[in-house]
Amino acid sequence: MAAELHVELVAADRNVWSGEATLVVARTTSGDIGVMPGHQPLLGVLESGPVTIRTSDGGTVVAAVHGGFISFADNKLSLLAEIAELADEIDVQRAERALERAKSDTDGAAERRAEVRLRAVAAP
Amino acid sequence: MGAQLRVYKRRIQAVTATKKITKAMEMIAASRIVKAQRKVAASMPYATELTRAVTAVATGSSTNHPLTTEAESPVRAAVLLLTSDRGLAGGYSSNAIKAAERLRERLAAEGKEVDTYIVGRKGVAYYGFRERKVTESWTGFTDSPEYSDAKKIAGPLIEAIEKDTAEGGVDELHIVFTEFVSMMTQNAIDGRMLPLSLDKDAEEDGKKDELLPLFDFEPSAEDVLDALLPRYVESRIYNALLQAAASEHAARRRAMKSATDNAGDLIKSLSRLANAARQAEITQEISEIVGGASALADASAGSDK
């Protein structure tokens, strides 16, 4: 088994997901970043986007994360987000409705949030 | 039924109704404390991780950010006071207000102007009644604050601290809230939120000796700090709001418990008085009957002769 890193995905008001993983891909303001065990200590600003966590038992966890930080040190990765939802928590119909509404209101931020949610659900 | 007895009965009824209400409020508050405590616990991971990250950036880089450097001669300070929206919580709000007054005096003694920001209707009413200037106030969510509420509060505060002092900005940011120690103890405390005093934060976490690794910043240390600090302020405010909510419920529970106990005592002494009044009435009736009977007997004995 490959080396593992410990992941904590925390939102402002709850602990969303925690566990062991082999690879975490997140979107920072300067582009996507993939973190594997043994990565150099890192602190980055996250952008709204899906976060993909490849767990050590071969599964994949996808979450929609809206703003926040990624920090990695001592093989411990923390994803801090103001709002974070796991893909299977997302209500697709609601997100679609929110997208429609945001488009008609031309609310860029809300549109982006809804898009990120839908993309997180669609991701394999 | 005699007039006296009727008065007692009515009062007992009124106090019983009050007791029912206070008892219900006590139970509601008790159940809400648990919920509020759970929320405090749930917000902890985010707060500790964020504090760690802030400490890491601030110590690991030589950046000078307006939010971390102390002004040489601070002239204005913002005080954020957290009170409750509703009363009937004992000394909860007035203790917080008193703590804010003390802080205000201390800051004034240091030669700083004080801008007041208030959360909760009670604090707003206190300042409104005294016609003191309140820079901004928020109400309506002290029972169960959400993260968005903390964001709403943090916005203007961060704006004020980023502004130049000459243009009405502030140099320091203090917060007064009620710390939840246990079900029985809640203390109104004040603390300086900005500029950051990192040593103190590290001490609070009990990890002072922990060596932080040299981080690689993405995109850059300045940008990370720029993005981190507002979130840090929000999370501190959120934590304070949650603790204040838990304290408010605990204070209300205690106040309502003593109100219920008092009502019980009152009912007891009133029913004693009512019993005495009833007894007196009965005694009087008997003596009236006996008196009447003997008067009749005397009268009939007289007519026989």
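Residues numbered from 1 in each chain as written. Chains lettered and ligands numbered in written order. Predicted model: local features only at pLDDT ≥ 70, side-chain atom pairs only at ≥ 80, totals over all residues.

## What about the overall build of chain B?
What counts is decided by this rule: Only DSSP runs of H or I with at least four residues qualify as helices, and only runs of E with at least two residues qualify as strands; both kinds are numbered from the N terminus onward. Atoms counted for the radius of gyration: C-alpha only. Globule rule: 2.2 Å times the number of residues to the power 0.38. Residue burial here comes from a neighbour count, namely the number of other C-beta atoms, placed from the backbone, that lie within 10 Å of the residue's own C-beta, with 20 or more meaning buried, 12 or fewer meaning exposed, and in between meaning partly exposed. Any residue pair is listed as a contact if its two C-beta atoms, each placed from the backbone, are within 7 Å.
Within chain B, the secondary structure is distributed over six helices and six strands. Walking chain B from its N terminus toward its C terminus, one meets helices and strands in the order α-β-α-β-α-β-α-β-β-α-β-α. Computed over its C-alpha atoms, the radius of gyration of chain B comes to 31 Å, more than 25% above the 19 Å expected for a compact globule of 305 residues. Looking at chain B residue by residue over its 305 residues, the buried ones come to 35%. A sequence separation of at least 24 residues applies to 78% of the contacts in chain B between residues at least 6 apart.

## Regarding helix α2 (residues 92–109) of chain B
All names here are of chain B. Our working rule: Expected span of a helix, by definition, is 1.5 Å for each gap between consecutive residues, and there is one gap fewer than residues. Note that the arc is defined by the directions from the helix axis to the C-beta atoms.
In this model, α2 (18 residues) spans 26 Å end to end at C-alpha, consistent with the 26 Å of a helix rising 1.5 Å per residue. Turning to α2, its buried residues number three or more, namely Tyr-92, Ser-93, Ala-96, Ile-97, Ala-100, Leu-103, Arg-104 and Leu-107. Buried residues of α2, viewed axially, fall in a sector of 120°; they line one side. Across from the buried face of α2, at angles greater than 90 degrees, the exposed residues are Glu-105 and Ala-109. Positive backbone phi, at 80°, marks Gly-111, one or two positions downstream of α2.

## Some remarks on the packing of helix α1 (residues 92–105) of chain A against helix α2 (residues 108–122) of chain A
All names here are of chain A. The test is simple: All axes are obtained by fitting lines to C-alpha atoms, using only the stretch in contact for helices, and the reported angles, taken between N-to-C directions, cover 0 to 180 degrees. An angle counts as roughly parallel when it lies under 35 degrees, as roughly antiparallel when it exceeds 145, as roughly perpendicular when it falls between 65 and 115, and as oblique in every other case. The hand of a helix crossing depends on one turn: near helix anticlockwise from the far one by less than a right angle means left-handed, and clockwise means right-handed. Gly is put with the polar residues, along with every residue not named as nonpolar or charged; the nonpolar set is Ala, Val, Leu, Ile, Met, Phe, Trp, Tyr, Cys and Pro, and the charged set is Asp, Glu, Lys and Arg.
Axis separation between α1 and α2 bottoms out at 8 Å; the angle between their running directions is 150°. Here α1 lies roughly antiparallel to α2, going by the angle between them. Once α1 is placed against α2, the crossing between them reads as left-handed. Across the interface between the two elements, Val-92, Ala-95, Glu-96, Ala-98, Leu-99, Ala-102 and Lys-103 of α1 pack against Ala-110, Glu-111, Ala-114, Glu-115, Arg-117, Leu-118 and Val-121 of α2. Among the residues making up the contact of α1 with α2, the classes are represented as nine nonpolar, no polar and five charged.

## Quick notes on the UniProt feature "coiled-coil region" (unreviewed entry) in chain A
Put simply, the test is: UniProt positions are given in the numbering used here, feature names are shortened, and annotations may be inferred rather than shown by experiment.
The UniProt feature table records "coiled-coil region" (unreviewed entry) at residues 76–112 of chain A. With 51% helix and 30% strand, the stretch residues 76–112 of chain A has end C-alpha atoms that lie 29 Å from each other.

## Comments concerning the domain arrangement of chain A
All names here are of chain A. Rule in force here: Delimitation of the domains relies on an automatic or database domain assignment.
Domain annotation for chain A reports domain 1 (5–87) and domain 2 (90–122). With nine residues of domain 1 at the interface, the matching set in domain 2 holds eight residues. Secondary structure elements with two or more residues in the side of domain 1 that touches domain 2: β5 (49–55) and β6 (60–73). With four residues, β6 is the single largest residue contributor to the side of domain 1 that touches domain 2.

## Observations regarding the confidence of the model for chain B
The predicted coordinates of low-pLDDT regions are not to be read in fine detail. We apply this condition: Residue-level confidence of the predictor is summarised by pLDDT, bounded by 0 at the bottom and 100 at the top.
The pLDDT averaged across chain B works out to 86; a share of 90% of its residues lies at or above 70. Two numbers describe this predicted complex: its pTM, 0.83, and its ipTM, 0.77.

## Considering the nonpolar core
As a reminder, the rule being used: Note on definitions: a nonpolar core is a set of buried residues drawn from Ala, Val, Leu, Ile, Met, Phe, Trp, Tyr and Cys, linked by C-beta atoms within 7 Å.
Counting residues in hydrophobic clusters, the biggest one holds 98 residues, and the most contacted among them are Ala63(A), Val79(B), Leu81(B), Leu82(B), Leu157(B) and Val176(B). If we skip the residues at most four places from it in the chain, Leu81(B) touches Ala96(B), Ile97(B), Ala100(B), Thr116(B), Ile118(B), Val119(B), Gly123(B) and Val176(B).

## A word on the UniProt feature "domain: ATP synthase F1 complex delta/epsilon subunit N-terminal" (unreviewed entry) in chain A
The positions that UniProt labels "domain: ATP synthase F1 complex delta/epsilon subunit N-terminal" (unreviewed entry) are, in the present scheme, residues 5–83 of chain A. From the first C-alpha to the last, residues 5–83 of chain A spans 23 Å; its make-up is 0% helix and 77% strand.

## As for the sheet that holds strand β3 (residues 136–138) of chain B
Residues and elements named next belong to chain B. Basically, it comes down to this: Whether two strands pair comes down to DSSP finding at least two bridges between them.
An order of β3-β2-β1-β4-β5 is seen for the five strands of this open sheet, with the pairing classed as mixed. The sheet terminates laterally at β3 and β5 (186–194), the two strands that pair on one side only. With direction set aside, neighbouring strand axes in the sheet form an average angle of 20°. Relative to strand β2 (residues 113–119), strand β1 (residues 76–82) runs parallel, the two being bridged by seven bridges. Looking at β2, one finds that Leu-80 is bridged to Tyr-117. Running at roughly 135° to β2, helix α3 (residues 121–129) makes contact with β1, β2 and β3 of the sheet.

## A look at the interface of chain B and chain A
Taken together, the 24 residues of chain B in the interface contact 24 residues of chain A. Listing elements by their share of the side of chain B that touches chain A, those giving two or more residues are α1 (3–60), β6 (216–218) and α6 (221–304) of chain B. In terms of residue count, α1(B) provides more of the side of chain B that touches chain A than any other element does, ten residues in total. A per-class count over the side of chain B that touches chain A returns 17 nonpolar, two polar and five charged.

## Points about the pairing of β6(A)
Residues and elements named next belong to chain A. By the bridge criterion, five bridges tie strand β4 (residues 42–46) to β6 in an arrangement that is antiparallel. In the strand pairing of β6, Leu-46 is matched with Gly-68. Across six bridges, β5 lies against β6 in antiparallel orientation. By the bridge assignment, Gly-49 is partnered in β6 with Val-65. Counting the residues that bridge the hairpin from β5 to β6 gives four residues, and of these Gly-58 lies at a positive phi of roughly 95°. Sheet topology note: the β6/strand β7 (residues 76–86) ladder contains ten bridges and is antiparallel. Following the sheet pairing, Phe-69 is matched in β7 by Leu-80. In sequence, β6 turns back onto β7 through a hairpin of two residues, with Asp-74 there showing a positive phi of about 50°.

## Thoughts on α2(A)
Residues and elements named next belong to chain A. Look at α2: 21 Å from first C-alpha to last across 15 residues, which is about the 21 Å you get at 1.5 Å a residue. Of the positions making up α2, those classed as buried are Arg-113, Ala-114, Val-116, Arg-117 and Ala-120. Angularly, the buried residues of α2 cover 155° about the axis, an arc narrow enough to put them on a single face. For α2, the exposed residues set more than 90 degrees away from the buried face come down to Gly-108 and Ala-122.

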